[in-house]
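Residue-level listing of the chains:
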Amino acid sequence: MALESTADAGETPPAVDVHRLDGEAFPSFASLLEACDDYAGHSGCRFILQHFVGILDDMTEQDPGALRVAGSARSSDSGPLLAAKLAAAPETRRVAGLLRDGDSSLVKEVNLANQVIAEESLHNAMSATFKALDLWPPSPLSGVSRDDCAYRDFTAPLPVIAQRTYNEKARRLADMVGSRERAQRIGQTASFILDFAQETCDLAPTPLQEEQRLLERFTDMVAAYQNPEAPVPDAENVQNMDTLGAGRKWWEENRETVVWAAAGAAALVAASAVAASRPGRRRR
């Protein structure tokens, strides 16, 4: 059965939250996210410091109430885009200063944003791989209820994990903010915060060992499912894998499209294709 929203056709739709960025998920950044919401609509939920050349460099902290002006570098900006940048600039400058000074609540939420991206990377990589394996969803499984979303439990067989991952996606489709999944909006907000931290303070995310370990385990399970007669990967080679990427290099390569786990999903699908081409019977 195809995934679909569970809202009843006869229900009165709730008031739509039109915000692109989720300040409730990151309360220490809430004022920045509120100020940058229109800008995020123009930038695809990216924060790019170069967009503010001619604005931030002409501002002074001593006179925050002064008329906001833009330099010649912004002459090609449309009226709405320029207005969005001017609205975002004061809070951008203020929060960047706090983050550079090591504000503990902001640093904590930068780390939280990194965790959100890592978890989304794992979920999206798994979803993409199960689609490639024609396990989206698998054949109906007895003993796996519709509300069983424990997809990170890798002690279960791969088809059970596939069903749980599918259940998690169905759960997300039932938790919408306007026309978007709440989890998607939180993920985009996390991406925006990581952009902001790197662009304004040169803070790059670091790889999370737990998510890396889970993705490596999942990769092994996919290979074994595709070719049960294949040898177990060498432990040293598995340890040296960096499927989620490493710190600054990973973020710089993957943030352009803000597609979580692009590298991880591609690696897993490629591994599946290689395994499928080897001798051995595909197990269903």
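Everything below is about the structure printed above this text.
Bear in mind that the values here come from a model prediction, so they are computed numbers and not experimental data.

**Describing the overall build of the protein**
Link 1 in the chain: A count of helices and strands for the protein gives 10 helices and two strands.
Link 2 in the chain: Mapped from its N terminus to its C terminus, the protein presents α and β elements in the order α-α-α-α-α-β-β-α-α-α-α-α.
Link 3 in the chain: Classification of the 284 residues of the protein by burial places 42% in the buried group.
Link 4 in the chain: If you sum the accessible surface of the protein, you get close to 15,000 Å²; carbon and sulfur atoms cover 53% of it.

**Topic: helix H4 (residues 104-132)**
Link 1 in the chain: Counted at 1.5 Å a residue, the expected span for H4 with its 29 residues is 42 Å, and the 42 Å between its end C-alpha atoms agrees.
Link 2 in the chain: The positive-phi residue at the C-terminal boundary of H4 is aspartate 134, with phi of around 60 degrees.

**Let's talk about the pattern of salt bridges**
Link 1 in the chain: Under the defined criterion, the tally for this structure stands at 15 salt bridges.
Link 2 in the chain: The closest approach of N and O atoms between aspartate 195 and arginine 46, which form a salt bridge, is 2.7 Å. With aspartate 195 in helix H6 (residues 182-201) and arginine 46 in the loop between helix H2 (37-43) and helix H3 (79-100), the pair connects residues that are 149 residues apart, well separated along the chain. In this pair, the class of aspartate 195 matches that of arginine 46, namely buried.
Link 3 in the chain: Among the ionic contacts, a cluster of salt bridges with common partners joins Glu120, Glu168, Arg171 and Arg172.

**Some points on the nonpolar core**
Link 1 in the chain: Counting 32 residues, the largest nonpolar core has Phe26, Phe29, Phe192 and Phe196 as the members making the most contacts within it.
Link 2 in the chain: Elements with a contribution of two residues or more to this core: helix H1 (30-35), H2, H3, H4 and H6.
Link 3 in the chain: Grouped together as the second largest cluster of nonpolar side chains are 20 residues, Val144, Ala156, Val160 and Ile161 included.

**What to know about the side chain of asparagine 167**
Link 1 in the chain: Examined against the element boundaries, asparagine 167 turns out to sit in helix H5 (residues 158-173).
Link 2 in the chain: Among the polar contacts listed, one links the side chain of asparagine 167 to the backbone oxygen of serine 145, at a separation of 3.0 Å.
Link 3 in the chain: The contacts of asparagine 167, once residues within four sequence positions are left out, are Val144, Ser145, Arg146, Asp148 and Cys149.

**A few points about unusual backbone geometry**
Link 1 in the chain: Look at the link from tryptophan 136 to proline 137: it is a cis peptide, with omega at -5 degrees.
Link 2 in the chain: Mapping proline 137 onto the fold places it in the loop between H4 and H5.
Link 3 in the chain: The backbone of aspartate 134 sits at a positive phi, close to 60 degrees, despite the residue not being glycine.
Link 4 in the chain: Along the chain, aspartate 134 falls in the loop between H4 and H5.
Link 5 in the chain: Judged by its relative accessible area of 52%, aspartate 134 is exposed.
Link 6 in the chain: Residue aspartate 202 is not a glycine yet carries a positive backbone phi of 60 degrees.
Link 7 in the chain: Relative to the assigned elements, aspartate 202 resides in the loop between H6 and helix H7 (209-226).

Calculation criteria
Residues numbered from 1 in each chain as written. Predicted model: local features only at pLDDT ≥ 70, side-chain atom pairs only at ≥ 80, totals over all residues. Heavy atoms only, no water. Helix = DSSP H or I, 4+ residues; strand = E, 2+ residues; numbered from the N terminus. Buried < 20%, exposed > 50% of the residue type's maximum accessible area, 1.4 Å probe, protein only. Areas by Shrake-Rupley, 256 points an atom, 1.4 Å probe, with all protein chains shown as cover. Expected span 1.5 Å × (residues − 1). Salt bridge = Lys/Arg side-chain N within 4 Å of Asp/Glu carboxyl O. Core = buried A, V, L, I, M, F, W, Y, C linked by side-chain atoms within 4.5 Å. Polar contact = N/O pair within 3.5 Å; in protein donor to acceptor, adjacent residues only side chain to side chain. Contact = heavy atoms within 4.5 Å.

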